[in-house]
Amino acid sequence: MDYLAALRLFVRTVELGSFSKAADDRAVKISSVSRAVAALESDLGVALLNRSTRRLHATEAGLEFFERAQKILADVQDAREQIASLNGRPQGLLRINIPGAFGRRHVLPLLPAFLARYPDIRVDATLTDQTVDLIDAGADLAIRIGALPNSSLIGKKLAPHRRLLCASPGYLATHPAIAHPKDLADQACLRFSLLQPLDHWHFNRDAESLDVAVSGPLTANDSEALLEAALQGLGIALLPTWLTGGDMNAGRLASVLPDWQASLAPGDRSIWGVYPPKKNVSPKVRAFLDFVEERFGRPPYWDLAV
């Protein structure tokens, strides 16, 4: 038995709760995963997993072994990356979690050039707007947007994150004028449901700061859906400039209260690359973060004409 390979298959099986999912994740046959776990159980003399028709569950012994195996694999990976960093050659599989709309518009289009520059790197990109535990997911890094919560993750700022209040010219022509954030109380506001509180927006101008209660006909957990609703004249949306730049430049959207800095919450200001703390940052992680920061630019290209 290749003990290290068996440990990897066992850990992914526990993390994913399925032989088949672990097999897909590691690109092996289901029978290979099952045999590896069975070999570990035979070697240890205990059952590591309880099998059911729906999902696998670790036994008490399995959970303890899982935690120790995770640490062993992390130590092995750290050792490999530390030695690999000596020659500075980025290589290996890079697992990334990226917010959906931002990833589709500003990260995935960069991958061909990134992979051409670093041919020894392979990328496994997961697009999700949910905050993923990087360690549980086995990910190397994530791109996060907004204020970073207190955590053990290391953050590298990739670009500022600006939001603009915007609406279609048709909507603005048929609704009362907006001269101050308080005027939004009488407007149809399109709200993003993944951030709380969703019924207040935050505004700053010079020394003035205020929260404004907003309401409207639509909340959505997807910023592209809110963009489409704003383009259709359904209301006013508070959207990031990386999403609205093209429509603003083309006149399909107009800025509302441009003299105010608007955000969904105080501190909503940056786009980050985050990764678990390690003694040495992996060359592949460093290469990716430096590459996207370079391509985004300062200021980022999506803000140049907004």
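Scroll up for the structure.
Residues numbered from 1 in each chain as written. Predicted model: local features only at pLDDT ≥ 70, side-chain atom pairs only at ≥ 80, totals over all residues. Heavy atoms only, no water.

Chemist: Talk me through the overall build of the chain; I want residue IDs and the actual numbers.
Modeler: Along its length, the chain carries 11 helices and 15 strands. Along the three orthogonal principal directions, the C-alpha set of the chain runs to about 75 × 45 × 35 Å. Looking at the chain as a whole, 42% of its 306 residues are labelled buried. In the chain, which carries 34 positive and 34 negative side-chain charges, the distance between the mean positions of the two groups comes to 5 Å. (Helix = DSSP H or I, 4+ residues; strand = E, 2+ residues; numbered from the N terminus. Buried < 20%, exposed > 50% of the residue type's maximum accessible area, 1.4 Å probe, protein only. Lys, Arg positive; Asp, Glu negative; His and termini not counted. Charge placed at Lys NZ, Arg CZ, Asp CG, Glu CD.)

Chemist: Could you give an account of the packing of aromatic side chains, naming the residues involved and the relevant values?
Modeler: Per the stated rule, a full pass over the model turns up 10 aromatic pairs. Look at Tyr301 and Trp302: their rings are 5.0 Å apart centre to centre, the planes differ by 75°, and that puts the pair in the edge-to-face class. What makes Tyr301 partly exposed here is its relative accessible area of 35%. Exposure remark for Trp302: the relative accessible area of 7% places this residue in the buried category. Within the aromatic cluster, the residues linked to one another by ring pairs are Phe102, Trp242, Phe296, Tyr301 and Trp302. (Phe/Tyr/Trp six-rings, centres within 6.5 Å; stacked < 30°, edge-to-face > 60°.)

Chemist: Describe the side chain of Arg163, listing the residues and the values that go with them.
Modeler: In this fold, Arg163 is placed in strand S7 (residues 163-167). Of note is the side chain of Arg163, whose polar atom sits 3.5 Å from the backbone oxygen of Leu238. (Polar contact = N/O pair within 3.5 Å; in protein donor to acceptor, adjacent residues only side chain to side chain.)

Chemist: Requested: an account of the environment of Gly103, with residues and values cited.
Modeler: Summarising the element assignment, Gly103 is placed in helix H5 (residues 100-107). For the pair Gly103 and His180, spaced 77 residues apart in sequence, the C-alpha separation works out to 33 Å.

Chemist: I'd love a proper account of the nonpolar core, names of residues and values included.
Modeler: Inside soluble globular proteins, nonpolar side chains tend to come together where they are buried. Within the largest apolar cluster, 59 residues are counted, with the highest numbers of intra-cluster contacts made by Leu165, Leu184, Trp201, Phe203 and Phe288. No other element matches the 7 residues that helix H11 (residues 283-296) contributes to this core. Not counting residues up to four positions away in its chain, the partners in contact with Leu165 are Leu184, Trp201, Phe203, Ile236, Ala237, Leu238, Ala254, Ser255, Val256 and Leu257. Judged by nonpolar contacts, the second largest core, of 20 residues, contains Leu7, Leu48, Leu49 and Phe65. (Core = buried A, V, L, I, M, F, W, Y, C linked by side-chain atoms within 4.5 Å. Contact = heavy atoms within 4.5 Å.)

Chemist: Outline the environment of Asn221, supporting the account with residue identities and numerical values.
Modeler: Relative to the helices and strands, Asn221 is located in the loop between strand S11 (218-220) and helix H9 (223-231). Residues contacting Asn221, with those up to four places away along its chain left out, are Asp129, Phe192, Ser193 and Leu194.

Chemist: Any details on helix H1 (residues 3-16)? Residues and values, ideally.
Modeler: For H1, which comprises 14 residues, the first-to-last C-alpha distance of 20 Å matches the rise-based estimate of 20 Å (1.5 Å per residue) to within 8%. All of the buried residues in H1 are Ala6, Leu7, Leu9, Phe10, Val11, Arg12, Thr13 and Val14. Its side-chain oxygen 3.3 Å from the backbone nitrogen of Leu4, Asp2 forms the N-cap of H1. (Expected span 1.5 Å × (residues − 1).)

Chemist: Can you tell me about the state of the cysteines, naming the residues and giving the values?
Modeler: A complete count under the given rule lists 0 disulfides for this structure. Here Cys166 stays free of any disulfide, with the sulfur of Cys189 as its closest cysteine sulfur at 11 Å. Residue Cys166 is classed as buried on the basis of its relative accessible area of 0%. In this structure Cys189 comes out as buried when scored by relative accessible area, which is 0%. (Disulfide = S-S within 2.5 Å.)

Chemist: Help me get a handle on the sheet that holds strand S4 (residues 121-127), residues and values and all.
Modeler: What the 5 strands build is an open sheet, ordered S4-S3-S5-S15-S6; its pairing is mixed. Edge positions in the open sheet fall to S4 and strand S6 (154-160), since each of these has one partner strand only. Going across the sheet, the axis of each strand differs from the next one's by a mean of 25°, ignoring polarity. (Pairing = 2+ DSSP bridges. Axes fitted to C-alpha atoms, helices over the stretch in contact; angles between N-to-C directions.)

Chemist: Account for the packing of H1 against helix H2 (residues 19-26), with residues named and values stated.
Modeler: Between H1 and H2, whose axes approach to 8 Å, the crossing angle comes to 125°. Considering the angle they form, H1 stands oblique to H2. H2 is crossed by H1, and the crossing has right-handed handedness. Contacts between H1 and H2 pair Arg8, Leu9, Arg12, Thr13 and Leu16 from the former with Phe19, Lys21, Ala22, Asp25 and Arg26 from the latter. By residue class, the composition of the contact of H1 with H2 is 4 nonpolar, 1 polar and 5 charged. (Parallel < 35°, antiparallel > 145°, perpendicular 65-115°, else oblique. Left-handed = near helix turned anticlockwise from the far one by under 90°. Nonpolar A, V, L, I, M, F, W, Y, C, P; charged D, E, K, R; others polar.)

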